[in-house]
Amino acid sequence: MIAAVIGDIVGSAFERQPIKTKDFPLFSEASHFTDDTVMSLALAEALMRSDLDSDRQVHGLAKQARLAFLNYYRSYPDLDYGTHFRAFLEAGAKSPYGSYGNGAAMRISAVGLACQDLAEAKSLSYEVTALSHNHPEAIRGAEALTVAIFLARRGFSKQAIRRQIERDYYRLDRCLDEIRPSYGIELSCQASVPEAIQSFLEAEDFEDAIRNAVSLGGDSDTLASMAAAIAGAYFPIPITLRQTSEAYLDRRLRHCLDAFEARYPKFLALAVFNTFSRKSPGA
């Protein structure tokens, strides 16, 4: 869960001033958490309140997500929420608004960490995405990111993850060097989720995935948060990045983060996974 938070905070400094290089300071006076972190943790809280460990069902998850989104929005009303998402929240989060934006994908990381299998990853992703973003592209984007996080967490190779995403969701036939020159601010799922996944696939380690995403010069906080969410399930997360990022969070957000990671301790086996070879594409 901390991975998406780190990506958001690092990318936040470049949200208004996109860059086209991987050479930049990870943290600065301009760094801060954004609505990406707040809504990601809101969803994490909703998952914890839905008792998924007891029966692995989605009973009440949409209701819990709606309540959590409203609660966190009221606690952090001054963040840069999208215009339509803010209107959705102001209206009580009652009706989806047909968006194909990347807002649902950027908050989905908790689902990829809480699910037990691919079927559950897809069902939970749909349940919390369609609450607001009921356009097919938004549903596809959030599901693709959830699946990538799940596979990375379970130790599948990059080749296996690429193959799954290309088979079911997006073509990943352009490298970052081809994407970067003409890439700009893209808020749709179909023009940001594939790029975030590619940022992970070309990364050498966790930090490199974030640098890849930011260097595209797009919606940097969201791209970095999505790429980091996958990378954090695949690579070890440097303790210095965790500690620095946690310092940006207030008490409430840290408490939610700690509670979720205690409930779903998915990183405990990561050091073991990285000691051995990753699962093959056919695994």
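No experiment lies behind these values; they were computed from the predicted model shown. (Residues numbered from 1 in each chain as written. Predicted model: local features only at pLDDT ≥ 70, side-chain atom pairs only at ≥ 80, totals over all residues. Heavy atoms only, no water.)

(A) Fine view of the pattern of salt bridges. Evaluated as defined, the whole model comprises ten salt bridges. Measuring nitrogen to oxygen at the nearest pair gives 3.0 Å for the salt bridge that ties arginine 167 to aspartate 168. The exposure class assigned to aspartate 168 is partly exposed, which follows from its relative accessible area of 31%. Put simply, Arg242, Glu246 and Glu261 are held in one network by salt bridges that share partners. (Salt bridge = Lys/Arg side-chain N within 4 Å of Asp/Glu carboxyl O. Buried < 20%, exposed > 50% of the residue type's maximum accessible area, 1.4 Å probe, protein only.)

(B) Just the packing of helix H1 (residues 2–12) against helix H13 (residues 206–214), in detail. Interaxial distance between H1 and H13 falls to 10 Å at its minimum, and their mutual angle equals 45°. The angle between H1 and H13 places the two elements in the oblique class. Crossing angle aside, the handedness with which H1 passes H13 is right-handed. On H13, the residues that touch Ala3, Ile6, Gly7, Val10 and Gly11 of H1 are Phe206, Ile210 and Val214. (Axes fitted to C-alpha atoms, helices over the stretch in contact; angles between N-to-C directions. Helix = DSSP H or I, 4+ residues; strand = E, 2+ residues; numbered from the N terminus. Parallel < 35°, antiparallel > 145°, perpendicular 65-115°, else oblique. Left-handed = near helix turned anticlockwise from the far one by under 90°. Contact = heavy atoms within 4.5 Å.)

(C) View of the nonpolar core. Counting residues in hydrophobic clusters, the biggest one holds 101 residues, and the most contacted among them are Met39, Phe206 and Phe260. The biggest single contributor to this core is helix H14 (residues 220–234), with ten residues. Not counting chain neighbours up to four residues away, the residues in contact with phenylalanine 260 comprise Met1, Ala44, Leu47, Met48, Ala110, Leu113 and Ala114. (Core = buried A, V, L, I, M, F, W, Y, C linked by side-chain atoms within 4.5 Å.)

(D) Representation of helix H9 (residues 136–153) within the structure. End to end, H9 covers 26 Å across 18 residues, agreeing with the expected 26 Å (1.5 Å per residue, within 8%). For H9, the tally of buried residues reaches 16 of 18 residues, placing the bulk of the element in the interior. Glycine 155, located one to two residues past H9, shows a positive phi value of around 90°. (Expected span 1.5 Å × (residues − 1).)

(E) Layout of the packing of aromatic side chains. Applying the stated criterion across every chain yields a total of 13 aromatic pairs. The interplanar angle of 65° and the centroid separation of 5.0 Å between the aromatic rings of phenylalanine 14 and phenylalanine 24 together place this pair among those described as edge-to-face. Placement of phenylalanine 14 in the loop between H1 and helix H2 (35–49) and of phenylalanine 24 in the loop between H1 and H2 is noted, with a sequence separation of ten residues between them. Measuring from centroid to centroid gives 6.4 Å for phenylalanine 69 and phenylalanine 85, while their planes differ by 70°, and the two rings are edge-to-face. Taken together, the residues phenylalanine 69 in helix H4 (residues 61–75) and phenylalanine 85 in helix H5 (residues 83–90) connect sequence positions 16 residues apart. The two residues phenylalanine 69 and phenylalanine 85 agree in class, both being buried. Linked through ring pairs, Phe69, Tyr73, Tyr81, Phe85, Phe88 and Tyr97 together constitute an aromatic cluster. When the ring centre of phenylalanine 200 is taken as reference, the NZ or CZ atom of lysine 158 above it lies at 5.6 Å. We note arginine 211 situated over the ring of phenylalanine 24; from NZ or CZ to the ring centre the distance is 4.8 Å. (Phe/Tyr/Trp six-rings, centres within 6.5 Å; stacked < 30°, edge-to-face > 60°. Lys NZ or Arg CZ within 6 Å of the ring centre and 35° of its normal.)

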